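For reference, the chains in residue letters:
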Amino acid sequence: MAETIKLEIFRYRPEKESEPTFLTYEVPFLEDWVVLDAINHIKDEIDGTLSYRWSCQMGVCGSCGVMINGVPKLSCAAFLKDYYPDKIRVEPLTGFPVERDLISQIDDFMTKLTKIQPYIIRKRGEEKPLDEGEYLQTPAELARFKPYSMCINCMLCYAACPVYALDSTFIGPAAIALGQRYNMDSRDHGRSARQELIASHEGIWECTFVGECSAVCPKDVDPAAAIQRAKVSSTVDWFKDVLIPWGKKK
Amino acid sequence: MGEKEMSAYHRPVPNTWWLKRTPYVLFMLRELTSIFVAGYCVFLLILVYKLTQGADAYGNFIDALKSPSSIALHFITLAFVLYHTITWFNLTPKILVLYKGEEQIPKALVAGVFYTGWVVVSIVVALLVLGM
Amino acid sequence: MAKSNEPIWWSLFSAGGMVAAMLLPILIIITGILVPFGLGGNDLLNFERIHTAVSQNYPVKLILFIVITLPLFHWAHRFRFTLVDVGLKSVSTLISVLCYGSAITGTIVSVIIFLRI
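Residues numbered from 1 in each chain as written. Chains lettered and ligands numbered in written order. Predicted model: local features only at pLDDT ≥ 70, side-chain atom pairs only at ≥ 80, totals over all residues.

Here we come to the overall build of chain B. Each helix and strand in chain B was counted, giving five helices and two strands. Sequence-ordered secondary structure for chain B, helices as α and strands as β, is α-α-α-α-β-β-α. Taking 14 Å as the expected radius of gyration for a compact globule of 132 residues, we find that chain B reaches 23 Å, considerably beyond that expectation. Here the C-alpha coordinates of chain B stretch approximately 75 × 45 × 25 Å along the principal axes. Expressed as a percentage of the 132 residues in chain B, the buried residues total 24%. A separation threshold of at least 6 residues defines the contact pool for chain B, and within that pool the share at least 24 residues apart is 43%. (Helix = DSSP H or I, 4+ residues; strand = E, 2+ residues; numbered from the N terminus. Rg over C-alpha atoms; globule rule 2.2 N^0.38 Å. Buried ≥ 20, exposed ≤ 12 C-beta atoms within 10 Å, placed from the backbone. Contact = placed C-beta atoms within 7 Å.)

Here we come to the confidence of the model for chain C. Scored by pLDDT, chain C comes out at a mean of 93, with 98% of its residues at no less than 70. The ipTM value of the predicted complex is 0.94, and its pTM value is 0.94. (pLDDT = per-residue confidence, 0-100.)

The next subject is the sheet that holds strand β5 (residues 88-91) of chain A. Residues and elements named next belong to chain A. With respect to topology, five strands assemble into an open sheet ordered β2-β1-β5-β3-β4, the strand pairing being mixed. Bordering the open sheet on either side are β2 (21-28) and β4 (71-74), each of which pairs with just one other strand. This sheet shows a mean twist of 35° between the axes of neighbouring strands, independent of strand direction. Relative to β5, strand β3 (residues 65-68) is paired through two bridges, and the arrangement is antiparallel. Within β5, the position partnered with I68 by the bridge is V90. Contacting β1 (4-11), β2, β3 and β5, helix α1 (residues 35-46) runs over the sheet at an angle of about 95° to β2. (Pairing = 2+ DSSP bridges. Axes fitted to C-alpha atoms, helices over the stretch in contact; angles between N-to-C directions.)

Moving on, we get to the nonpolar core. In terms of nonpolar packing, the biggest core is built from 65 residues, with V35, M155, C157 and I176 of chain A touching the most fellow members. Residue contributions to this core reach at least three from each of two domains, namely domain 1 (4-104) and domain 2 (107-243) of chain A. Not counting chain neighbours up to four residues away, the residues in contact with I176 of chain A comprise I171, I198, G203, I204, P223, A226, I227 and A230 of chain A. By size, the runner-up hydrophobic cluster in this structure holds 47 residues, among which are F114 of chain B together with L12, L64 and W75 of chain C. (Core = buried A, V, L, I, M, F, W, Y, C linked by C-beta atoms within 7 Å. Domains from an automatic or database assignment.)

To continue, consider the interface of chain C and chain B. By a widespread convention, an interface's size corresponds to the accessible area lost as its parts come together. With 41 residues of chain C at the contact, the number on the chain B side is 41 residues. When residues of the side of chain C that touches chain B are traced back to their parent elements, those giving at least two are α1 (6-34), α2 (47-56), α3 (58-88) and α4 (92-115) of chain C. Among the elements that take part in the side of chain C that touches chain B, α1 of chain C stands out by supplying 13 residues, more than any other. Residue composition of the side of chain C that touches chain B, by class: 29 nonpolar, nine polar and three charged. (Nonpolar A, V, L, I, M, F, W, Y, C, P; charged D, E, K, R; others polar.)

What follows deals with the interface of chain B and chain A. Taken together, the contact between chain B and chain A spans 21 residues of the former and 24 residues of the latter. Tallied by class, residues from the side of chain B that touches chain A come to 12 nonpolar, three polar and six charged.

This part takes up the environment of F81 of chain C. Residue and element names in this part refer to chain C. Its location among the elements puts F81 in helix α3. With 22 C-beta atoms packed within 10 Å, F81 lands in the buried category. The spacing of F81 and N46 is 35 residues in sequence and 40 Å in space, taken between C-alpha atoms.

The interhelical angle for the contact between helix α9 (residues 223-243) of chain A and α1 of chain C, taken along N-to-C directions, is 115°, at an axis separation of 9 Å. The two elements α9 of chain A and α1 of chain C meet at a crossing, and its hand is left-handed. Residues K231, S234, T235 and W238 of chain A of α9 of chain A form the contact with α1 of chain C, whose participating residues are P7, W10 and S11 of chain C. The class makeup of the residues in the contact of α9 of chain A with α1 of chain C is three nonpolar, three polar and one charged. (Left-handed = near helix turned anticlockwise from the far one by under 90°.)

Residues and elements named next belong to chain A. In this sheet, β2 lies alongside β1 in antiparallel orientation, the contact comprising eight bridges. Across the sheet, the residue bridging to E8 is T24, located in β2. Both β1 and β5 contribute to a ladder of three bridges, which runs parallel. Paired with L7 across the bridge in β5 is I88.

Attention shifts here to helix α5 (residues 107-131) of chain B. With 25 residues, α5 of chain B should cover 36 Å at 1.5 Å per step; its first-to-last C-alpha distance of 36 Å lies within 8% of that length. Within α5 of chain B, burial applies to F114, W118 and V129 of chain B. (Expected span 1.5 Å × (residues − 1).)

Let us look at unusual backbone geometry. Residues and elements named next belong to chain A. In this chain, Y84 is followed by P85 through a cis amide linkage whose omega measures 0°. Of note, the phi angle at M155 is positive, near 65°, even though the residue is not glycine. Examined against the element boundaries, M155 turns out to sit in the loop between α3 (139-145) and α4 (156-160). Judged by the 26 C-beta atoms lying within 10 Å of it, M155 is buried. The phi angle at F209 is positive, at roughly 55°, despite the residue not being glycine. Residue F209 is classed as buried on the basis of its C-beta count, with 21 C-beta atoms lying within 10 Å.

Written out as structure tokens, the structure reads:
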């Protein structure tokens with residue numbers, strides 16, 4: 001008798017219901033299967049109407065983020081054997097409106113990523129022409145921002161953040177970490193440009209350092225640290241502006 | 001608003017969201033330590049106030065410290081304040097990210113500096129009060 | 001989105017949190033364990049010793065004042081966000097006024113009391 005495991009999956013079909021429901025599916029239990037394998041099995045063999053996002057199956061694309069027993073996880077990284085024989089509850093990421101089944105609307109997140117100006121900004125007159133070659137950077141300078149560059153935009157951090165769940169105007173962990181990725185890049189001069197967003201009420205100052213964003217991040221980006229460090233540097237800026245108002249403005 | 005936004009389902013967040021997972025409960029406990037921090041500071045202020053009210057008033061206040069309710073309240077406060085201290089120092093490596101070249105200074109070292117400082121300060125204060 | 005003035009409250013919160021973390025535990029042990037159980041002698045916190053130490057020692061007075069007032073701002077900032085986090089966001093301005101207002105009031109009261117020693 002082959003072993004099986006039950007998955008309780010959040011279903012929402014706006015064309016036929018105004019409230020979501022949970023449907024339970026029984027799938028084969030295999031030692032090396034992840035939740036994504038189980039969901040693909042459901043789609044292929046049991047219920048073709050199930051909608052969800054996935055792509056690389058190896059934790060680099062950031063597509064398959066879902067809530068698994070209330071914890072944000074990549075479905076390609078959550079092994080069935082870690083839950084067996086208990087039922088696994090699968091829901092779309094917290095904090096985002098649900099479009100259909102396990103698919104969240106991520107427009108807010110995408111907007112914030114672009115608003116943070118995620119590109120190298122150089123001071124006027126300090127852009128090197130192409131024929132002068134690359135901007136050189138030492139390994140030590142790279143180490144400063146490298147963790148923040150590892151983000152795969154999976155939004156698990158937003159799903160873990162209670163501040164974002166309560167107030168979606170919060171810029172959020174990944175966007176701020178991305179801002180810091182550029183702020184701490186030795187080739188970048190754009191920190192003050194990004195500060196309008198980062199140092200605003202909806203930026204770092206809504207964060208209460210719960211720290212769960214960093215706990216659930218599959219790439220060890222540590223957005224919580226990025227945010228707290230931004231609080232320190234923004235505070236130093238603020239005191240400089242207040243105590244030395246005649247100082248040069250960038 | 002497009003049709004997609006109209007039909008999107010917004011899941012409500014209950015005010016008891018923090019009870020759903022252990023990390024959130026621990027977070028809330030950490031936040032609540034601030035009440036006991038403030039409470040003890042008010043207690044200290046009252047102690048200083050009693051100093052201005054003369055030896056008798058102050059003496060009665062100090063005697064009241066021996067009562068079971070005072071001791072119990074102190075123990076509860078100590079538990080919460082210690083939780084504040086530990087969570088506070090453990091978070092310092094997230095704020096103080098320091099590098100030696102390419103290597104990051106280990107988290108344990110950063111927190112360790114604060115814990116050491118805490119022990120030193122506590123001993124100094126204890127010796128001062130005992131030997132004053 | 002203008003840059004916020006939160007830094008002033010956050011600085012006070014951080015300073016108060018560090019002062020509380022470093023100094024409150026030993027003080028609680030003194031008033032909660034040493035004194036009630038008679039450890040360290042029966043005159044540990046007696047009026048003569050403490051009144052002299054505080055009134056005649058400017059550094060002691062200052063440190064005691066800081067230990068009492070800075071953590072009030074730590075509480076104010078943290079408690080304000082805690083109330084918002086449990087669903088009171090709609091009255092967040094009122095909460096801020098009450099929290100920081102209490103800390104400021106506590107500081108003013110402390111100044112008055114300390115000036116009388």
